[in-house]
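Structure at a glance
Here's the letter readout for the chains.
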Amino acid sequence: MTGGTLRIVFTAEDLARVRIASRADPMWEMVMSLCRLQEHGGGAAVAGWRRRVRGDLATAGLLPQVREVLLPLVPKGAYFPDFLTPIEAQTGLRAGTEALADTPRSRVREELNVLRAHAGLPASLEDLARGDPRSIRRLSRLVDGYCRTAFASHRQMMEATLSHERGGLVRHLADDGVDTMLARLAPMLRWRSPVLEAAYPVGNREIRLHGRGLTLIPSYFCRITPVALVDERLPPVLVYPAPRRPHPAPARDDPLADLLGTTRAAILRTIAADQGCSTSELARRIGVSVSNASKHAQVLHHAGLITSTRHANLVLHQLSDLGAGLLRHYRAQCPAG
């Protein structure tokens, strides 16, 4: 692939304001997954998703609109509008689609004119390109339907992959500082203080943060190279591919669950597998409410089986020596698990 280098230049203030997305960003995953739909390869998991999602979208009656509206908005290997990935989506899909529906008409027109210059626009996007408010709202509803349908079959795998990566980032940031955390992103990203570098598919680019900080967003569907917003007036983010790692399944005959209870055993194993987890990640991974996950994590913390450390907007739960010893003991009893 021909391309260039992305250089993100930090100041001391920027280093103090590095943030890690606390959950999967559904709008970035939407954009990245639309790229994956238009190509081949990507590994067995993505290839399996690609085969399944076309059928799921057809069953939901969304496939024609995805082909006529969403795919032309995200042409493979070309520019896509920044308004598709609002910063509000970092708090969830509903907030993201509401922000998309409220995008100013002038911004929609401006960014679709840029898309027209790069890749052209089909007739199906002309009303949207004029900033028609009804078309903007229809796009928001389509994005909501796409995300709910396209990610349903892979949600557990996505959460496991992204939870593992976020947990590692937060652990390195809390234990060793921002330099160690940024260095951990190698080899995909190269940290040469004060510059973070990466291969970039569309030529050379330099982003100066100027004290605004940077939000790191690991992505399940992002592949090969990181992605950044085009408009440097927007809050800076860097979306990069999260490494894929296997996650162990619990034993079918489970004496650890007999001791701790099923939910607490699942929490302990999830924290061990991900080398650290936030409360909201635990809730999503094991299928309970955030308040329920928090309650059980507090019990494990008071028992000395995990440690819990607040960092910015996250509480990171990690396995203690006692918790690790307990897991080793029960793994020795149940080697098949």
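Residues numbered from 1 in each chain as written. Predicted model: local features only at pLDDT ≥ 70, side-chain atom pairs only at ≥ 80, totals over all residues. Heavy atoms only, no water.

Here we take up the overall build of the protein chain. On a plain count of helices and strands, the protein chain comes out with 15 helices and 11 strands. The C-alpha atoms of the protein chain give 21 Å as radius of gyration, which agrees with the globular expectation for 337 residues (20 Å, within 12%). Dimensions of the protein chain along its principal axes, counting C-alpha atoms only, are 65 × 50 × 35 Å. Burial statistics for the protein chain: of 337 residues in total, 52% are counted as buried. Side-chain charges of the protein chain comprise 44 positive and 32 negative groups, with the mean position of each set lying 4 Å from the other. (Helix = DSSP H or I, 4+ residues; strand = E, 2+ residues; numbered from the N terminus. Rg over C-alpha atoms; globule rule 2.2 N^0.38 Å. Buried < 20%, exposed > 50% of the residue type's maximum accessible area, 1.4 Å probe, protein only. Lys, Arg positive; Asp, Glu negative; His and termini not counted. Charge placed at Lys NZ, Arg CZ, Asp CG, Glu CD.)

Turning next to the nonpolar core. Side chains of a nonpolar character, in soluble globular proteins, are inclined to be buried together. Counting residues in hydrophobic clusters, the biggest one holds 54 residues, and the most contacted among them are Trp28, Leu34, Leu73, Leu112, Leu139 and Tyr146. When residues in this core are grouped by element, the largest group, 8 residues, is from helix α2 (residues 26-37). Residues within four places of Trp28 in sequence aside, it is in contact with Phe80, Thr85, Ile217, Val227, Leu229, Val237 and Val239. With 27 residues, the next largest nonpolar core counts Leu6, Leu169, Leu182 and Leu209 among its residues. (Core = buried A, V, L, I, M, F, W, Y, C linked by side-chain atoms within 4.5 Å. Contact = heavy atoms within 4.5 Å.)

Another point: the packing of aromatic side chains. Overall, the coordinates contain 6 aromatic pairs when judged by the stated rule. Aromatic pair Trp49 and Phe221: ring centres 4.6 Å apart, planes at 55°, arrangement tilted. With Trp49 in helix α3 (residues 44-59) and Phe221 in the loop between β6 (214-219) and β7 (227-228), the pair connects residues that are 172 residues apart, well separated along the chain. With respect to class, Trp49 is no different from Phe221; both count as buried. Seen in terms of ring centroids, Tyr146 and Phe151 are 6.1 Å apart; in terms of plane orientation they differ by 80°. Their pairing is edge-to-face. (Phe/Tyr/Trp six-rings, centres within 6.5 Å; stacked < 30°, edge-to-face > 60°.)

Residue Pro187 follows Ala186 across a cis peptide bond; omega there is 5°. Its location among the elements puts Pro187 in the loop between α10 (178-183) and β3 (189-192). Following Ser193, the chain continues into Pro194 via a peptide bond in cis, with omega recorded as 10°. Along the chain, the position of Pro194 falls in the loop between β3 and β4 (195-200). The phi torsion at His210 lies on the positive side, around 55°, for a residue other than glycine. For His210, the location among the structural elements is in the loop between β5 (205-208) and β6. Although it is not a glycine, Ile224 sits at a positive phi angle of roughly 70°.

Let's shift gears to the confidence of the model for the protein chain. With 94% of its residues at a pLDDT of at least 70, the protein chain reaches an overall mean of 88. Throughout residues 247-251 the model reports pLDDT below 50, and contacts reaching past four residues in sequence, or to other chains, amount to 12 contacts. (pLDDT = per-residue confidence, 0-100.)

Pairs can form between side chains of opposite charge whenever their charged atoms are close. By the definition in use, this model includes 16 salt bridges. In this structure, Arg7 engages Glu206 in a salt bridge whose closest nitrogen and oxygen atoms are separated by 2.3 Å. Taken together, the residues span a long stretch of sequence, with Arg7 in strand β1 (residues 4-9) and Glu206 in strand β5 at a distance of 199 residues. With a relative accessible area of 29%, Arg7 lands in the partly exposed category. Put simply, Arg7, Arg190, Arg192, Glu197, Glu206 and Arg208 are held in one network by salt bridges that share partners. (Salt bridge = Lys/Arg side-chain N within 4 Å of Asp/Glu carboxyl O.)

Moving on: the sheet that holds β1. As summarised here, the arrangement of the 4 strands in space is β3-β4-β1-β5, forming an open sheet in which the pairing is mixed. Of all strands in the sheet, those bounded by a partner on one side alone are β3 and β5. For this sheet, the mean inter-axis angle between neighbouring strands, taken without regard to orientation, is 20°. (Pairing = 2+ DSSP bridges. Axes fitted to C-alpha atoms, helices over the stretch in contact; angles between N-to-C directions.)

A few words now on helix α6 (residues 105-119). Taking 1.5 Å as the rise per residue, α6 with 15 residues should run 21 Å; its terminal C-alpha atoms sit 21 Å apart, in good agreement. On its buried face, α6 is in contact with α4 (63-73), α7 (126-129) and α8 (133-150). Just beyond α6, the residue with positive phi is Gly120, at close to 80°. (Expected span 1.5 Å × (residues − 1).)

This part covers the environment of Cys147. Within the secondary structure layout, Cys147 lies in helix α8. Assessed through its relative accessible area of 2%, Cys147 is described here as buried. Each C-alpha atom, one on Cys147 and one on Met30, is 6.3 Å from the other, the two residues being 117 residues apart in sequence. Beyond its immediate chain neighbours, meaning those up to four positions away, Cys147 contacts Pro26, Met30, Leu93 and Arg155.

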